[in-house]
Number of protein chains: 6
Amino acid sequence: MTRPHAMDNASPIDAWRLAHAPWYRPASDEAECFAAAYRARLPIMLKGPTGCGKTRLVEHMAWTLGRPLVTIACHEDMTAGDLVGRYLLDGNGTYWQDGPLTLAVRHGAICYLDEVVEARNDTTVAIHPLTDARRFLPIDKRNELVAAHPDFVLVVSFNPQYQHRSKDLKTSTRQRFVALEMGWPDARAEAEIVAHESGADAALARQLVELGERTRTLAAATLQEGASTRLLIYAATLIAGGMDARTACRIAIVQPLSDDADLCTAFTAVVDSMFA
Amino acid sequence: MTRPHAMDNASPIDAWRLAHAPWYRPASDEAECFAAAYRARLPIMLKGPTGCGKTRLVEHMAWTLGRPLVTIACHEDMTAGDLVGRYLLDGNGTYWQDGPLTLAVRHGAICYLDEVVEARNDTTVAIHPLTDARRFLPIDKRNELVAAHPDFVLVVSFNPQYQHRSKDLKTSTRQRFVALEMGWPDARAEAEIVAHESGADAALARQLVELGERTRTLAAATLQEGASTRLLIYAATLIAGGMDARTACRIAIVQPLSDDADLCTAFTAVVDSMFA
Amino acid sequence: MTRPHAMDNASPIDAWRLAHAPWYRPASDEAECFAAAYRARLPIMLKGPTGCGKTRLVEHMAWTLGRPLVTIACHEDMTAGDLVGRYLLDGNGTYWQDGPLTLAVRHGAICYLDEVVEARNDTTVAIHPLTDARRFLPIDKRNELVAAHPDFVLVVSFNPQYQHRSKDLKTSTRQRFVALEMGWPDARAEAEIVAHESGADAALARQLVELGERTRTLAAATLQEGASTRLLIYAATLIAGGMDARTACRIAIVQPLSDDADLCTAFTAVVDSMFA
Amino acid sequence: MTRPHAMDNASPIDAWRLAHAPWYRPASDEAECFAAAYRARLPIMLKGPTGCGKTRLVEHMAWTLGRPLVTIACHEDMTAGDLVGRYLLDGNGTYWQDGPLTLAVRHGAICYLDEVVEARNDTTVAIHPLTDARRFLPIDKRNELVAAHPDFVLVVSFNPQYQHRSKDLKTSTRQRFVALEMGWPDARAEAEIVAHESGADAALARQLVELGERTRTLAAATLQEGASTRLLIYAATLIAGGMDARTACRIAIVQPLSDDADLCTAFTAVVDSMFA
Amino acid sequence: MTRPHAMDNASPIDAWRLAHAPWYRPASDEAECFAAAYRARLPIMLKGPTGCGKTRLVEHMAWTLGRPLVTIACHEDMTAGDLVGRYLLDGNGTYWQDGPLTLAVRHGAICYLDEVVEARNDTTVAIHPLTDARRFLPIDKRNELVAAHPDFVLVVSFNPQYQHRSKDLKTSTRQRFVALEMGWPDARAEAEIVAHESGADAALARQLVELGERTRTLAAATLQEGASTRLLIYAATLIAGGMDARTACRIAIVQPLSDDADLCTAFTAVVDSMFA
Amino acid sequence: MTRPHAMDNASPIDAWRLAHAPWYRPASDEAECFAAAYRARLPIMLKGPTGCGKTRLVEHMAWTLGRPLVTIACHEDMTAGDLVGRYLLDGNGTYWQDGPLTLAVRHGAICYLDEVVEARNDTTVAIHPLTDARRFLPIDKRNELVAAHPDFVLVVSFNPQYQHRSKDLKTSTRQRFVALEMGWPDARAEAEIVAHESGADAALARQLVELGERTRTLAAATLQEGASTRLLIYAATLIAGGMDARTACRIAIVQPLSDDADLCTAFTAVVDSMFA
């Protein structure tokens, strides 16, 4: 588990350095592509479904490349001030405090905007000069242009399955990024991940991965999503901690997946057939 | 009745410690499942209808596990500042005040977000790093990453019957939680609860529970909800205090349930048949 | 007429004490039911049409029970700060000022939220912990939990005829209250009220009440409301002050009721037939 | 012409006293009805079309009754703070400044809310306790209840022709007022007004009034409004100042009435036939 | 070219005095009508299409009448504070700064609200007492009524072609103004304007005016607008500066007029036929 | 690569001076037209699709003309304060800070509003007096009129392909600009650009340009956009850095272009046929 230190006032970027090497199991050539794009300082977009490992890849690359990682979860109520910074007031008047994006730009961190499609227009537009030849961040409130540190790169993620809903990335934003498509790991890789993260043995991990795949097949028929790797790890963790397998699968897989009684019955039947 | 102390400036978390053991009557294995998930520090989601006892379960577990309980009722006008904290001003300039979520994260409380589906996107997104391997809370306004206390766990609730309306939990949020489904207690358990909470005798409690079930059957036919356990307790309390049973049922059960004249007449007929 | 004193800084709740006993004429058992619910400290909801006497009942009960009465008219622009309080600034920095709800909670007043269905979600949610076993008011901005004074009770009102429009009370809110249904007083009671409030003699009051009932019959046919008791009192007051009865009915009853020329003609014909 | 003095700091209400008796020509019994309602301190609603003299009536009554007149034009961007008051900041911290409604309530002015139907809900609700037996204004921000001065009365206006659009007065607001319906003055009265206000002679005034009536007939056929008395006064003023009558009617009557070429041609033909 | 001086603190209105006589070529009797309305201090509305010379007329009249001219472009994000003024903060607390409308009212300027139909309701309503017998501006935030300087007059403009879209002037606002309808100058007048403004010779100016008229005919068939006089001046300026006539017409007339390929081809064919 | 210096407090405009001559390859006569319009100080509009080189042209002209370049990306959340400036607070009270537009106006920079159609009305209206004979910027908050420096010119861009969506430029804004239409460079020019920017050899650049054109043909059939020159440069950069050509085209061209599986397959087939 990788956990940042609490903030040290001496250098605020240090709070964003990873303390331990994250465990990462490559699915394909995504790490090499990321590294090559980083060497050319090209902006990177990670495309893929919920829980397929986008955050984990970015943590792995930040560790491997030796850069701090500033992660910002985008949402529609986030303002430009949340990203860039703001003036605060103390007894001597106002002083400026850099926001997380500005920190990353000044100190050469990798800045990861998670689910960028959720951001408002002012955020999307603010990153344009950081993703072309200009490589600077204008801070309107200070009349300052912050030239990006040579090691800075912007990484964004989005889930194409959500894109067809209300929001979409404009072409003028989208064509600023090299894009890496990510999918579910294959069964063998996923079992390794489940075992590693939960402490469960390999046989149980393989069984849970098979269960996960059957929920995905079932769910697809109803246009929903099946169990993510995360949920399989939850179930494995509970079983490894002594819980009955069917109870663990009920609360960590079946109930999180759906509120529909028929679908839950179908998922439960699958669980029962595997852990009779 | 469990009531927190008023806030003590010495340690603001103490206001959120329960003063007395809450009375709790288990319906199934929900307490064991909650405890196991807590031991693994997995985030927990409670699913169930209005008044089925979700808040009571969380209070029971907080008492049993010896943790403070910070309860936050979610709504669409709640801002991230309401959760995380804000700068206040005194004669020496601004100073920071932790919000209730930050308090819980720093001090290892159980943080309970009631009706999480009502929250805005910025709230839902703010809890993501608290519910995966990162376990930290970013405070953008301070450029601080608060590492969660080892005893901290996030609990959320939602009512699946409301979910099909305008709001829904995104899959990327939902699959971060172990889920416990809760329903109405059975008749015997409900009668015990009504008697315990109201001070009424067992016979009256059983009679009111039967009345409650008949309102639920009637209401279901009109796509509405029947009397919650809370309303049965209200009626029992009034009768125990000396009120005529039919009057108590009229003001504590029939009138709160509906404004529709026909439905009220039907409910009243049921009351009359039971308390002739 | 009951009128609060202007605010006395020594104890801000004193501004909300009634100075005189309000005149109240019971319609049914509403006062007994209110008193019994208050003795058990159950939250109370008053249901009924415009001007049927909900405010008057609450004033009567506050006087009878010897409690201050804090009345808050709900509307969709009211913020939680308007209810709970806010920080103000003076030469020494910010200081906290309780809002009217907090005042009532601390000092054991009856707090009356008029037309609660008009309030925003943050208001509706803020009252949840005050209407269950917890009986406290969380003040997020201060990290304070205010335990309710033992004499505090919350009373809300709403008009079921408006409910079917755009807004509705959620079941999880509604089932927190004992509900008293109120309707128009009968003709004899209404005539007593009109005579008492206007100073008019009993014969005129009876005549105006009959006029009021005929407008209600007429209006119902066009899906509108007829004259409230208040308008009858206005007409009686003007006549008692020397105005011609037909002029008084024109400006106090016909014109306030409608802008539709045909409907006004019909109302006028009724007036003319009674005050020829 | 009645014009208030500029504000005198010694007594802010003095700015709202009328300096000269306004010229007023009664159309019917509206002044007597207004005076009787004022004597009983009943709230008053003036109903009528654009420019029929509602503002002029209120000014006349304020002068006759010897009260200051605080006029507030309602609109949907007006906040409760604009009406009630707000805290301002100087070197010693914040101090309170009464808004115009509060001024009127404290000092016994007539407060006139023009086009009340345009106001937001918080405004409409704020006036409820001023228009029933309570007669006080709650100032939430100060926890103050301002008891109304015995001479205070609230007057509102609205135009029933606009009411069917997007906005409407709720019955619970509307039935708080005695209502005076006002219409256009008859031809003879209107000619007197035009002559008095413009300085034109009686013959020209009568001619313009006839022109005005013909535009109203024409306009009604196209669901629009004809020339108000104000526009007739404009034309008379320009002619009295030396302008050619047809030019004056073109710029003061035809062009203000419509942008539709056909309608303007029709209006012009009427002008030409009268001022050949 | 008429350009205001930069602001002089001694008298802020001086920034709004015209430094040079603007060049103005009358199209009809609009200047005489404006002057007569100004003499009677009647509010003036200028109606006409984009670029027909409304702003130029107002500048000409302000110069001729010797008044400062305060021009305010209306838009839907403009607040009443932008017009009327606001409190600012310095070391001694807050102080008041007049907005441009207040400046004009106090100092007897002509205040010109350009495209008034774009303004929000609070703006439209704020000008009502300035456009009737009252002639004052209420400043709610200061409880001040500013009596208008005797030389003050309000002028507004709007484009009837836009009016049928989402916005419209309410009759109660519209009938407060004398209205001057303005249209395109005739060919001879337009050629004089083009020659004067661009420095081009008369033959070229006439040719461009003919081109402009042909674009208007073409555009009308597609429900769009043709070249304004401004664009003709642009083309003449570029040609007078040495640019090839067809290139100048392409970038100053064809491309600004439309993005539609077919329409641009048609416009280009017209250009080519005239400047072969 | 042209990168501005970080801000120097001595002269804030210096941060916006270009440090190096940008590389620019003219496509047609756009540079001459821009220069001629600048000599006449006419406002300039650049029309063209995503990534066709509008920003690059403006940088080239700013360098050639020796002017600072202030670039502002427009979006719907940008306020007038972001453009014009705002008051900030220090120990001595508030002081004024020019926004980027004001800086450009005072110091004679070229001000480039990118994607002006995204701006709100208050922005669009604020630039009107800067784009006609007045040439000043009103700063309402200071009651200041800033006369434009003689070298100041405003340049805006917009993409006609987006215009038919929800937003459009009003004619009264659009006809204030000379317009330069820009399109994709021809194949030879584009190959030169790709080679220059990526360091790839000419043969690879030509091959990628051919690939780019084939994606545009394919994409047009599905109403989408094909690869911009920027994406071709990305691919060339990665290949020049040692990456396999098919991998580089997958992540720099295919994946950024679309999330549609069928379309990606078609693009991939094109890539495979060219880099077998």
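Computed from a predicted model, the values in this text were never measured in an experiment.

1. So, the overall build of chain A
At step 1: When helices and strands are counted, chain A shows twelve helices and nine strands.
At step 2: On the principal axes, the C-alpha backbone points of chain A span a range of 65 × 40 × 40 Å.
At step 3: The burial tally for chain A puts 61% of its 276 residues in the buried class.
At step 4: The long-range fraction of contacts in chain A, counting pairs at least 24 apart against all pairs at least 6 apart in sequence, stands at 69%.
At step 5: Accessible surface computed for chain A: about 10300 Å², of which carbon and sulfur atoms make up 50%.

2. As for the relation of the copies chain B and chain A
At step 1: Mapping chain B onto chain A leaves a residual RMSD of 0.1 Å; the transformation is a rotation of 60 degrees accompanied by 0.1 Å of translation along its axis. One copy is carried onto the other by what is essentially a six-fold rotation axis.
At step 2: Different-surface contact between copies: only 2% of interface residues of chain B are shared with the interface of chain A.

3. Thoughts on the interface of chain A and chain F
At step 1: Contacts between the two partners involve 43 residues from chain A, matched on the other side by 51 residues from chain F.
At step 2: Buried area between chain A and chain F, both sides added, is near 4000 Å², and the carbon and sulfur share of it is 55%.
At step 3: Of all residues in chain A, the largest losses of buried area upon contact with chain F belong to A:Asn143, A:Leu145 and A:Gln175, amounting jointly to 20% of the total for that side.
At step 4: Taken together, the connections running from chain A to chain F amount to five salt bridges.
At step 5: Salt-bridge contacts for F:Glu118 lead to A:Lys170; the nearest nitrogen and oxygen are separated by 3.2 Å.
At step 6: One can count 14 residue pairs in polar contact (both at pLDDT 80 or more) joining chain A with chain F.
At step 7: Sorting the residues of the side of chain A that touches chain F by element identifies α1 (30–39), β3 (85–90), β4 (93–98), α5 (121–126), β7 (144–147), α6 (160–163), α7 (171–174) and β9 (178–181) of chain A as the ones contributing at least two each.
At step 8: Among the elements that make up the side of chain A that touches chain F, the one with the highest residue count is β9(A) (four residues).
At step 9: In the side of chain A that touches chain F, the residues fall into 19 nonpolar, ten polar and 14 charged.

4. Here we look at the domain arrangement of chain A
All names here are of chain A.
At step 1: Its domain assignment divides chain A into domain 1 (12–181) and domain 2 (187–274).
At step 2: Between the C-alpha centres of domain 1 and domain 2 the distance comes to 32 Å.
At step 3: In this assembly, seven residues from domain 1 lie in contact with eight residues from domain 2.
At step 4: Interface area, domain 1 with domain 2, both sides summed: about 680 Å², of which 49% is carbon and sulfur.
At step 5: The interface formed by domain 1 and domain 2 includes two salt bridges.

5. What to know about the side chain of E:Gln255
At step 1: Position of E:Gln255 relative to the elements: it lies in helix α11 (residues 245–257).
At step 2: Assessed through its relative accessible area of 6%, E:Gln255 is described here as buried.
At step 3: Within polar-contact distance, the side chain of E:Gln255 engages the side chain of F:Lys47 at 2.8 Å.
At step 4: A distance of 3.1 Å separates the side chain of E:Gln255 from the side chain of F:Glu181, its partner in a polar contact.

6. Some thoughts on the interface of chain B and chain A
One frequent convention defines the size of an interface as the accessible area lost when the parts assemble.
At step 1: Each side of the interface is counted separately: chain B has 43 residues, and chain A has 51 residues.
At step 2: Summed over both sides, the interface of chain B with chain A buries roughly 4000 Å², with 55% coming from carbon and sulfur.
At step 3: Of all residues in chain B, B:Asn143, B:Leu145 and B:Gln175 give up the largest surface area on contact with chain A, accounting jointly for 20% of the area buried on that side.
At step 4: A:Asp259 is the salt-bridge partner of B:Arg174, the closest N and O atoms lying 2.7 Å from each other.
At step 5: Along the contact surface separating chain B from chain A lie 14 residue pairs in polar contact (both at pLDDT 80 or more).
At step 6: Residue assignment for the side of chain B that touches chain A shows that the elements contributing at least two residues are α1 (30–39), β3 (85–90), β4 (93–98), α5 (121–126), β7 (144–147), α6 (160–163), α7 (171–174) and β9 (178–181) of chain B.
At step 7: Residue classes in the side of chain B that touches chain A are distributed as 19 nonpolar, ten polar and 14 charged.

7. Notes on the sheet that holds strand β5 (residues 110–114) of chain F
Residues and elements named next belong to chain F.
At step 1: Across the sheet, five strands lie side by side as β2-β5-β8-β1-β9; this open sheet has parallel pairing. The sheet terminates laterally at β2 (69–73) and β9 (178–181), the two strands that pair on one side only. The mean angle between the axes of side-by-side strands here comes to 20 degrees, regardless of whether they run parallel or antiparallel.
At step 2: Inspection of the sheet shows strand β1 (residues 44–47) paired to strand β8 (residues 153–158) by four bridges, in the parallel sense.

8. Some words on the arrangement of the chains
At step 1: Separated without contact, chain A and chain D have their nearest C-alpha atoms at a distance of 15 Å.
At step 2: For chain B and chain D, which are not in contact, the least C-alpha distance works out to 11 Å.

9. Structural notes on the relation of the copies chain A and chain F
At step 1: When chain A is brought onto chain F, the operation consists of a screw motion whose angular component is 60 degrees and whose axial shift is 0.0 Å, with 0.1 Å RMSD remaining.
At step 2: The fraction of interface residues of chain A whose copies in chain F are also interface residues is only 2%, indicating that the copies meet through different surfaces.

10. Quick look at the packing of helix α8 (residues 187–198) of chain E against helix α9 (residues 202–220) of chain E
Residues and elements named next belong to chain E.
At step 1: The N-to-C vectors of α8 and α9 enclose an angle of 120 degrees; their axes lie 8 Å apart at closest approach. In terms of their interaxial angle, α8 and α9 are classed as oblique. Between α8 and α9 the crossing geometry is right-handed. For the pair α8 and α9, the contacting residues are Ala-187, Glu-190, Ala-191, Val-194 and Ala-195 in the first and Ala-205, Arg-206, Val-209, Glu-213 and Arg-216 in the second.

11. Concerning the pattern of salt bridges
At step 1: Taken as a whole, this structure holds 105 salt bridges over all chains when the rule is applied.
At step 2: Where F:Arg134 meets F:Asp132, a salt bridge forms, and the shortest distance between an N and an O atom there is 2.9 Å. When sorted by exposure, F:Arg134 lands in the same class as F:Asp132, which is buried.
At step 3: Salt bridges sharing partners connect three or more residues here, namely A:Arg41, A:Arg67 and A:Asp151.

Rules of the game
- Residues numbered from 1 in each chain as written.
- Chains lettered and ligands numbered in written order.
- Predicted model: local features only at pLDDT ≥ 70, side-chain atom pairs only at ≥ 80, totals over all residues.
- Heavy atoms only, no water.
- Helix = DSSP H or I, 4+ residues; strand = E, 2+ residues; numbered from the N terminus.
- Buried < 20%, exposed > 50% of the residue type's maximum accessible area, 1.4 Å probe, protein only.
- Contact = heavy atoms within 4.5 Å.
- Areas by Shrake-Rupley, 256 points an atom, 1.4 Å probe, with all protein chains shown as cover.
- Least-squares fit on C-alpha atoms with pLDDT ≥ 70 in both.
- Buried area = accessible area lost by both parts, 1.4 Å probe.
- Salt bridge = Lys/Arg side-chain N within 4 Å of Asp/Glu carboxyl O.
- Polar contact = N/O pair within 3.5 Å; in protein donor to acceptor, adjacent residues only side chain to side chain.
- Nonpolar A, V, L, I, M, F, W, Y, C, P; charged D, E, K, R; others polar.
- Domains from an automatic or database assignment.
- Pairing = 2+ DSSP bridges.
- Axes fitted to C-alpha atoms, helices over the stretch in contact; angles between N-to-C directions.
- Parallel < 35°, antiparallel > 145°, perpendicular 65-115°, else oblique.
- Left-handed = near helix turned anticlockwise from the far one by under 90°.

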